[in-house]
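Structural description and commentary
So the chains spell out like this:
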Amino acid sequence: MLSGFSKSVNQRWEEPITKTKSFSISKQVVWEAYGRVKANQGAAGVDGQSIKDFEVDLKDNLYKIWNRMSSGSYFPPPVRTVDIPKRDGRSRRLGIPAVSDRVAQMVVKMYLEPEVEPIFHPDSYGYISGRSALDAVGVVRKRCWWYNWVIDLDIKGFFDNIDHELMMHAVRKHTASKWMLLYIERWLKSPAQLEDGSLIEREKGTPQGGVISPLLANIFLHHAFDEWMRVNHPSTPFARYADDIIVHCRTEAQARVMLRVIERRLARCKLQLHPEKTKIVYCKDAKRPGSYEHESFNFLGYSFRPRGCKGRSYFVGFTPAVSKSAIKAMSAVIRGWKLHLWSSSSLEDIARRINPVVRGWLNYYGKYYRSAMRPILRQLQYALVRWAMRKYKRLKGHWRKATHWLGRIARRESRLIASWEFGFRPSAGQ
């Protein structure tokens, strides 16, 4: 891959680090950082340069990043912003750094992350190696059996409202590296470029979409929330995934007190709870009588609420299942595929294209209360039946016949379509 680069560039890249550089940064780390950025893909930044464009002169581009970072002269370009529609009709502003800037951010992340990850609270699950969203869902599920009340915390515009001075104060607790502190501060202050090309100076916040942003968010909330809870309220368990936080309480009175003190704590850290989305929830089940204003909450794509469960007998439990909003999002993806128009594709072609997505849904949302996934799997099955009726003349207009045809294939090749692997196969009764 590197044979096409000039000899002079190779010589510059391979020369040892000299004492003339202000900071000692490994060239190998810069290479590894680029590999991680490439694996994550992503859109072009303000310069319009894609990863493919960046690779045209890869070695020289990486050398420039290393050289500038090592000399203290690296200044990040503005962050391109894109407004992403939210389910409530509003929009979320996503920041897209340039490819070169993503590499630079990854360099700092690779140096800083190993220093801070070991000190993160065991119930912080977001963007930490060895922990996952499903781990967080699982621990919340168990604690809802033991604790009758939950505080569902929603921090209003968290990423957009992080105070820069407090952020830098938190980072300095974990590193004295002058070059990392220098560049983190520059990234925090880097302006945002809107879609019309205008620039907005950033006085607070860190852009969602930045490589370094999730790590900075974890560092900030580790000190603003996790450590404060550990020291001041050690008997009150919580689970946090980035800025999604669930706090468990034994009584309604305790939940109300905890909500007030958490609100005051976050206010001191210049953060505000969303007044409409933050709520106290009663974990109602067969052994918990009565009712309350809120008896359900959503967490990481799962909806926790009372629902029928099967053990030795049927009972009502407070359990998680895929949320309505997640179902709606998956349904939109299936409609967007327009499978009935893929008449030039074979069933094997379709499987190769959709299986990674469908298997991902089932592995995540099918972990708990898998039967709640049936509407999505049924919709997928209907789409496949429509495809078969359009592709084969003998099946045209014959829904039952097309369903039986797919059913025979499913029995013979049960691993062909991801939903078939999970036991949802075509039948005439669908």
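One structure accompanies this document, and this report is about it. Predicted, not measured: the structure shown is a model, and the values here were computed from it. (Residues numbered from 1 in each chain as written. Predicted model: local features only at pLDDT ≥ 70, side-chain atom pairs only at ≥ 80, totals over all residues. Heavy atoms only, no water.)

**Side note on the sheet that holds strand 10 (residues 302-310)**
Strand pairing in a sheet relies on backbone hydrogen bonds, with the paired strands running either antiparallel or parallel. Short version of the rule: Here, a strand pair is defined by DSSP locating no fewer than two bridges between the strands. Put simply, DSSP marks the helices as runs of H or I at least four residues long and the strands as runs of E at least two long, and each gets a number from the N terminus on. To obtain each axis, a line is fitted to C-alpha atoms, and for helices this fit is confined to the stretch in contact; angles are then taken between N-to-C directions over 0 to 180 degrees.
Strand order in the open sheet formed by three strands is 9-10-11, with antiparallel pairing between adjacent strands. What marks the edges here is a single partner per strand, and that holds for strand 9 (297-299) and strand 11 (314-322). The sheet shows a mean angle of 50 degrees between the axes of neighbouring strands, taken without regard to direction.

**Observations concerning the environment of glutamine 28**
Along the chain, the position of glutamine 28 falls in helix 2 (residues 27-40). Glutamine 28 sits 38 residues away from tryptophan 66 along the chain, and the two C-alpha atoms are 9.8 Å apart.

**Regarding the nonpolar core**
The criterion, for reference: Nonpolar core, defined: a set of buried Ala, Val, Leu, Ile, Met, Phe, Trp, Tyr and Cys residues in which side-chain atoms within 4.5 Å join the residues together. Exposure categories follow from relative accessible area, calculated using a 1.4 Å probe and restricted to protein chains: below 20% of the type maximum is buried, above 50% is exposed, and the middle band is partly exposed. Whether two residues are in contact is decided by their heavy atoms: any pair within 4.5 Å suffices.
Judged by nonpolar contacts, the single largest core of 74 residues is most densely connected at Met69 and Val247. In terms of residue count, the dominant contributor to this core is helix 10 (residues 213-232) (10 residues). Those residues within four positions of methionine 69 in sequence are excluded, and the remaining contacts are Phe23, Ile25, Tyr74, Ala104, Val107, Val108, Trp179 and Tyr183. In this structure, Cys283, Phe304, Val322 and Ile354 belong to the second largest nonpolar core, which totals 60 residues.

**A closer look at the environment of glutamine 381**
Heads up, the rule is: The term polar contact refers here to a pair of N or O atoms within 3.5 Å; inside protein, the definition further demands a hydrogen-donor-capable atom paired with an acceptor-capable atom, and it admits residues adjacent in sequence only when both atoms are side-chain atoms.
Within the fold, glutamine 381 resides in helix 14 (residues 374-391). Exposure remark for glutamine 381: the relative accessible area of 1% places this residue in the buried category. Separated by 45 residues in sequence, glutamine 381 and glycine 336 have C-alpha atoms that sit 15 Å apart. Side chain to side chain, glutamine 381 and tryptophan 420 meet in a polar contact 3.3 Å long.

Taken by themselves, the reported measurements are silent on function.
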